[in-house]
Amino acid sequence: MPALPLASAKRHTSKRVYPPKPAQVYLFGTCLADTLFPQSGLDAIELLERQGLEVLFPQGQSCCGQPAYNSGYEDEARVVARHQIKQFPLDIPIVVISGSCGGMLRHHYLDMLKHDNDLEVAAFCERIFEFTEFLTCVLEVKLQDQGAPERVALHTSCAARREMDVHITGKALLEQLGQVELVEHDYISECCGFGGTFAVKHGDISGAMVQDKVKHLLATDAVRYVSADWGCMMNINGALEYQQEAFRGEHIASYLLRRTRGDNA
Amino acid sequence: MNTRANTIATDGSKYEASARQFRGNVARDLANPQLRENFRGAMDYLTDKRRQAFPSEDELETLRRKCQLIKQRCLLKLPELLEQLESKLEQNGIQVHWAETTAEANTIIAELIQRKNGTKVVKGKSMVSEETALNDHLQAQGIECLETDMGEYIVQMAGEHPSHIIMPAIHQNKSQVADLFAHNIPGFDYTTDVDTLIRTGRQALRDKFCHADVGVTGVNFAVAETGTLCLVENEGNGRMVSTVPEMHIAITGIEKVVELLDDVPPLLSLLTRSATGQIISTYFNMITHPRREGEKDGPKEVHLVLLDNGRSQAFADEELRQTLQCIRCGACMNHCPVYTRIGGHAYGTVYPGPIGKIVSPHMLGLEATKDLPTASSLCGACGEVCPVKIPIPKILLRLRKESVKAKGEPLVVKGQGCNRKPLEAGIWKLWSRLNTSPVIYAIAMWLASRGRWLTPAKAGAWTRVRTLPKPARRPLRELVKQREQRREGQ
Amino acid sequence: MNSAKANILAKLKMQLPAATDAALPAEPAAAPEVRSPAQNVEQFVRLLTDNHAEVMRIKRAEIAASVKTLLQQRDINQLMCGSGWVDALQEIEGEISLNTFYPSIDGNKDTLFNSVPAAITGSRCAIAATGSIVLWPDASEPRSLSLVPPLHIVVVEQSAIYNDFGELIRKQRWSEQLPTNAVLISGPSKTADIQQTLAYGAHGPRELVVLLVE
Ligand code: SF4
């Protein structure tokens, strides 16, 4: 595995000034984790608490608005966006456990709400942190790996990679795990084919993409893959299950918690 | 004019029908393993070449920013630069013609050729002439119009269209080309040796250059300051067709004008490096005059046709205007996971891939191209590599928005609102209600988790290659609440 | 004004306030690579060689002899040149028949295409950054000389190598005056249009030999 691309790591860190470690954070759970994969949300909370933070989960939060936004229904998405902003009133970081929702909240809200009170929107966007970014750049966590030696692959969603640089922070976290060897699959930066409504509207193209992604992941000798994005994982895991493969993806929050707690797989 | 007598249009409108077939084309081409292998191989090659051509990320970023700003400046001054270009070119002896539509451009070109009693035309690579379906039009007028770029030559022989804007025959491998030559070139000794194949093409075409009446080319940059037409190429056919015949006709889109000669070197450097990973093409050809008194070769007449074909519509909107920054390098398609899977023909448009998705709606209308903006996972690979930093994903989103716009909104893109369905619009309204009302949302979550056994096994396209996950037994919000209550109880 | 022009310009103008240069964002200057003259020569030679050209570094007095040798190696016994080369190449006549270009290409295309195996031209200057030779063809050295014959021999002065294209354009003030045709040549004609396999001699010269004169 090639060394961390320092140039981009630098570019990344120079792009954003990180605050000191706070006492409290909000968790943005995302609608997918809320509905389908809640354990990863609980695991993220536990990891953050183990770092000494108090985690607040506003019950009024729902979806970041991406599905409507990506379908061209911007007005509908905008209403939802304003609603989310209201749910997180305290001036503390908002940690998002999915890279693509993070990109939506951090970058697209600015575009979509440019006619609203700019300051309030900008301040909200500035408080958004993707989960691995937050652990790495704000908390600067030190992880103690308690698990058995194993090889894993890392899949980073495209939004996370291109809007949030998660391929750097996610990798940096996994590299802290002494017993874990990160293996790189072919076409690592290529999209898995999820793309929200794209997977339904153009199911055959999306299907061809996820089949390739699965092929490249299976071609490694990793025992699982790890990701910070439930959209991709729902897609890739769904294809793996369809193909009756045992190989699966695990959310990075759950994986990190498990490794540092020493739980078995 | 008799062109409308045929059932097939001999202008750009013929692509309206093929763009409408997008979904069928996709199904057809996804099912062709040879085609998918050809594209994957070609894209791997091109992306790798590009990567090697930009060893320094900082240099690349500075150059991209520079070229983005150059193109934006030139677009901001577009009308005045076009007028300056025209007057400079005419001072230099090059005649300028304006065409709003593809049919107009074809008529202008056909008349120029007929005025010379020309019957034989050789063409250098020009995507704009593909846009106008010039070959069809000239053939209908009894004028032979032969493609001379090796890739285009192959494609024309096969009765196809280019599947890539830089490498037109990328969808074929060498044995397919060999088969094609065997069927079409008398005396061709079957071989898959690429050198021999190229030599065969060279031999066939040399005679054509020699005897052609008119040469047609595209233009990569038209310099307003000096009245110069710049052509980028490797094969030398562009030089041939702009040097040997007595008349040279260049055709280009109005967005290709640049203000200064100084703007050319950075754009050229980014163009060739992004396209094929070459630090420069074999030939960079700058044409400023027709043959002058005393000169012994070169065309006696040079013409430039400036084509609009929907570009002014893109121009009218600040966000969509960025589409016109494009320098046609092809990098966006080379890096596109969708293009790599479905290939260039599936799009049914002249320009395939990401740039095709954002430019074709202006040429053909959004109605004919309504499946293109949605056929993207918005992965962002195209925007990341585009040398002039066109935010392609954002423009795709914008076109999605235009395509579901309600009736009665001001016209931005011809055919807007074409994807608006009352049911879908209603669903998003409901969705927005659901996501802004905590009570309804919580009830919905409760219902979903308790009704998880109702999850269907099949859900349209999704479950054709995947399983569908069931809602969790309890949603995260409830689990978090329970957890908090447990703690308080402790 | 014809109507298409008027319509297009009207549509474009409707959208824009007149752009003023002052309001435009500053364009970053790309830092030029810094090379010494010797490094420029070296880079020029390396890039051209990588691009499949043959580069011979010679003294001025050796031009004719080098031309003769390289033609004889290829079993070529005739060479076309511009009128300016006749004197300099006199010593090869006899063994190689030297022809100048026709009074005009018109009426002579068949012979040019079919019976001229090699041509020699001079050059205006060269570019190190991209390994390019710059030609400004003129009445004495027409455009097709460097294009149609399968072998193109080009003489480049080592002292005329510029750092990059941008610098060349500015120093030589190209924007004030351009010839009918200016062309940058960076290797023999080539194509990768069939299965990304590189093949030389697509339509232009199959071979490019550069005589780099000290
Ligand atoms: S959109 Fe950008 S990447 Fe695509 S062809 Fe145009 S310039 Fe190249």
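Residues numbered from 1 in each chain as written. Chains lettered and ligands numbered in written order. Predicted model: local features only at pLDDT ≥ 70, side-chain atom pairs only at ≥ 80, totals over all residues. Heavy atoms only, no water.

J.: So what exactly am I meant to see when it comes to the overall build of chain C here?
T.: Counting secondary structure elements, chain C contains five helices and twelve strands. Seen through its principal axes, chain C has C-alpha atoms that stretch 70 × 45 × 40 Å. Within chain C, the fraction of its 214 residues that count as buried is 55%. Sequence-distant contacts, at least 24 apart, represent 69% of the contacts inside chain C between residues at least 6 apart. Total accessible area on chain C is roughly 9,200 Å²; 49% of this is exposed by carbon and sulfur atoms. For chain C, the distance from the average position of its 18 positive side-chain charges to the average position of its 23 negative side-chain charges is 8 Å. (Helix = DSSP H or I, 4+ residues; strand = E, 2+ residues; numbered from the N terminus. Buried < 20%, exposed > 50% of the residue type's maximum accessible area, 1.4 Å probe, protein only. Contact = heavy atoms within 4.5 Å. Areas by Shrake-Rupley, 256 points an atom, 1.4 Å probe, with all protein chains shown as cover. Lys, Arg positive; Asp, Glu negative; His and termini not counted. Charge placed at Lys NZ, Arg CZ, Asp CG, Glu CD.)

J.: Even after reading the chapter, I still don't get the interface of chain B and chain C, so can you show me in this structure?
T.: Accessible area lost upon the coming together of the parts is a frequently used measure of interface size. Across the boundary between the two partners, chain B contributes 95 residues, which contact 77 residues of chain C. Between chain B and chain C, a total of about 7,500 Å² is buried, with carbon and sulfur atoms accounting for 59% of that surface. Of all residues in chain B, the largest losses of buried area upon contact with chain C belong to R202, R239 and K296 of chain B, amounting jointly to 10% of the total for that side. Across the pair D308 of chain B and K11 of chain C runs a salt bridge, and its minimum N-O distance is 3.6 Å. On the surface where chain B and chain C come into contact, there are 41 residue pairs in polar contact (both at pLDDT 80 or more). Of the residues forming the side of chain B that touches chain C, the biggest block, eleven residues, is contributed by helix α11 (residues 194-211) of chain B. For the side of chain B that touches chain C, the residue count by class is 45 nonpolar, 23 polar and 27 charged. (Buried area = accessible area lost by both parts, 1.4 Å probe. Salt bridge = Lys/Arg side-chain N within 4 Å of Asp/Glu carboxyl O. Polar contact = N/O pair within 3.5 Å; in protein donor to acceptor, adjacent residues only side chain to side chain. Nonpolar A, V, L, I, M, F, W, Y, C, P; charged D, E, K, R; others polar.)

J.: Please clarify how the sheet that holds strand β3 (residues 94-96) of chain A should be interpreted in this entry.
T.: The strands that make up a sheet are held in pairs by hydrogen bonds between backbone atoms, and each pair lies either parallel or antiparallel. Residues and elements named next belong to chain A. The strand order across the open sheet formed by four strands is β2-β1-β3-β4, and the pairing between neighbours is parallel. Two strands bound the open sheet, and with one partner strand each, they are β2 (54-56) and β4 (128-130). Strand-to-strand twist across the sheet, computed as the mean angle between neighbouring axes with direction ignored, equals 35°. Here helix α6 (residues 99-112) sits on the sheet in contact with β1 (24-28), β3 and β4, set at roughly 160° to β4. (Pairing = 2+ DSSP bridges. Axes fitted to C-alpha atoms, helices over the stretch in contact; angles between N-to-C directions.)

J.: Would you take a moment to explain the sheet that holds strand β7 (residues 224-227) of chain A for this structure?
T.: All names here are of chain A. Ordered by their spatial adjacency, four strands build an open sheet running β6-β5-β7-β8, and the pairing between neighbours is parallel. Pairing within the sheet leaves two strands with one partner each, and these edge strands are β6 (180-183) and β8 (249-251). The sheet shows a mean angle of 40° between the axes of neighbouring strands, direction not considered. Of the strand pairs in this sheet, β7 and β8 are connected by three bridges, and their pairing is parallel. Following the sheet pairing, V226 is matched in β8 by E250. Along the sheet face, helix α14 (residues 252-261) touches β5 (150-155), β6, β7 and β8 and points at about 85° away from the line of β8.

J.: Help me out: how do you make sense of the nonpolar core in this one?
T.: Proteins that are soluble and globular tend to have nonpolar side chains buried together. In this structure, I205 of chain A, F221 of chain B together with F165 and W174 of chain C are the most contacted members of the largest nonpolar core, which totals 139 residues. A33, L139 and C232 of chain A together with V480 of chain B belong to the second-largest nonpolar core, a separate cluster that totals 65 residues. (Core = buried A, V, L, I, M, F, W, Y, C linked by side-chain atoms within 4.5 Å.)

J.: Please explain the environment of Q95 of chain B as it appears in this structure.
T.: Residue and element names in this part refer to chain B. Tracing the sequence through the fold places Q95 in strand β1 (residues 94-99). Residue Q95 is classed as partly exposed on the basis of its relative accessible area of 33%. Taking the C-alpha atoms as reference points, Q95 and N106, eleven residues apart in sequence, are found 16 Å from one another. Residues within four places of Q95 in sequence aside, it is in contact with E90, V302, H303 and L304.

J.: Sorry if this is basic, but what is going on with the site of the ligand here?
T.: Residue and element names in this part refer to chain B. Taken together, C326, I327, R328, C329, G330, C332, I355, C386, P387, V388, I390 and I392 make up the full set of residues near the ligand. Counting atoms within 2 Å of the grid points, the majority share of the ligand lands in the second largest cavity. A class-by-class count of the residues in the shell around the ligand yields ten nonpolar, one polar and one charged. (Near = heavy atom within 4 Å. 1 Å grid on protein atoms, 1.4 Å probe; cavity = no way out; pocket = protein on both sides within 12 Å on 5 of 7 lines; lining within 4 Å. Sits in = over half its atoms within 2 Å of the grid points.)

J.: Explanation requested: the interface of chain A and chain B in the structure shown.
T.: With 68 residues of chain A at the interface, the matching set in chain B holds 62 residues. Both faces considered, chain A and chain B share a buried interface measuring about 5,700 Å² in area, 59% of it formed by carbon and sulfur atoms. Linking chain A with chain B are twelve salt bridges, by the criterion used here. Between E49 of chain A and R487 of chain B there is a salt bridge, with its nearest N and O atoms 2.9 Å apart. No other element matches helix α12 (residues 203-218) of chain A, which puts eleven residues into the side of chain A that touches chain B.

J.: Hey, could you run me through unusual backbone geometry in this one?
T.: Excluding glycine, residues mostly carry a negative phi; peptide bonds, for their part, are mostly trans. Residues and elements named next belong to chain C. Despite not being glycine, D75 has its phi angle at roughly 60°, a positive value. For D75, the location among the structural elements is in the loop between α3 (63-73) and β2 (78-81). Phi is positive for Q196, which is not a glycine, with a value near 50°. Counting through the fold element by element, Q196 comes out in the loop between β10 (190-191) and β11 (199-200). By relative accessible area, which is 16% here, Q196 ends up buried.

J.: Can you help me understand the pairing of strand β7 (residues 151-157) of chain C in this one?
T.: Strand residues, when the strand is regular, have side chains that alternate between the two faces of the sheet. Residue and element names in this part refer to chain C. In terms of burial, β7 is largely enclosed, as six of its seven residues are buried. In this structure, strand β4 (residues 118-121) lies alongside β7, joined through four bridges in parallel fashion. Across the sheet, residue I120 finds its bridge partner in β7, namely I153. The sheet contact formed by β7 and strand β12 (residues 207-213) spans seven bridges and is parallel. Bridge pairing in β12 places V154 opposite V210.

J.: Please clarify how the pattern of salt bridges should be interpreted in this entry.
T.: Should their charged atoms come close, side chains of opposite charge can pair. Applying the stated rule across the entire model yields 71 salt bridges over all chains. For the salt bridge of K300 of chain B with D106 of chain C, the shortest nitrogen-to-oxygen distance reads 3.0 Å. Pair noted here: K300 of chain B is in the loop between β9 (283-287) and β10 (301-307) and D106 of chain C is in the loop between β3 (97-100) and α4 (109-115), and the two residues belong to different chains. For D106 of chain C, a relative accessible area of 24% puts it in the partly exposed group. Here R398 of chain B ties to E319 of chain B by a salt bridge, and the two come within 2.9 Å at their closest N and O atoms. Residue R398 of chain B is found in helix α20 (residues 392-403), and its partner E319 of chain B is found in helix α15 (residues 318-321); the two are separated by 79 residues along the sequence.

J.: Could you clarify how one ought to interpret the confidence of the model for chain A in this entry?
T.: Low-pLDDT portions of the prediction should not be read for the details of their coordinates. With 93% of its residues at a pLDDT of at least 70, chain A reaches an overall mean of 90. In this model, residues 1-14 of chain A is a region of pLDDT below 50 whose contacts with residues beyond four sequence positions or in other chains number 24 contacts. (pLDDT = per-residue confidence, 0-100.)

J.: Is there a simple way to explain empty space enclosed by the protein in this structure?
T.: Once rolled over the atoms, a probe with the size of a water molecule shows which space is left empty. Residues and elements named next belong to chain B. Following the criterion strictly, the structure yields six cavities of 30 Å³ or more and no others. Empty space within the largest cavity amounts to approximately 100 Å³. In terms of lining residues, the largest cavity is bounded by 15 residues, among which C336, P354, S376, C379 and C382 are the most central. Counting only elements with at least two residues in the lining of the largest cavity, the list comes to α17 (337-342), α18 (353-364), α19 (381-385) and α20. The class makeup of the residues in the lining of the largest cavity is ten nonpolar, four polar and one charged. There is about 80 Å³ of room inside the second largest cavity. Lining the second largest cavity are 13 residues, with C326, C329, C332, C386 and P387 sitting closest to its centre. (Points joined across faces, edges and corners; volume = space filled by probe spheres on them.)

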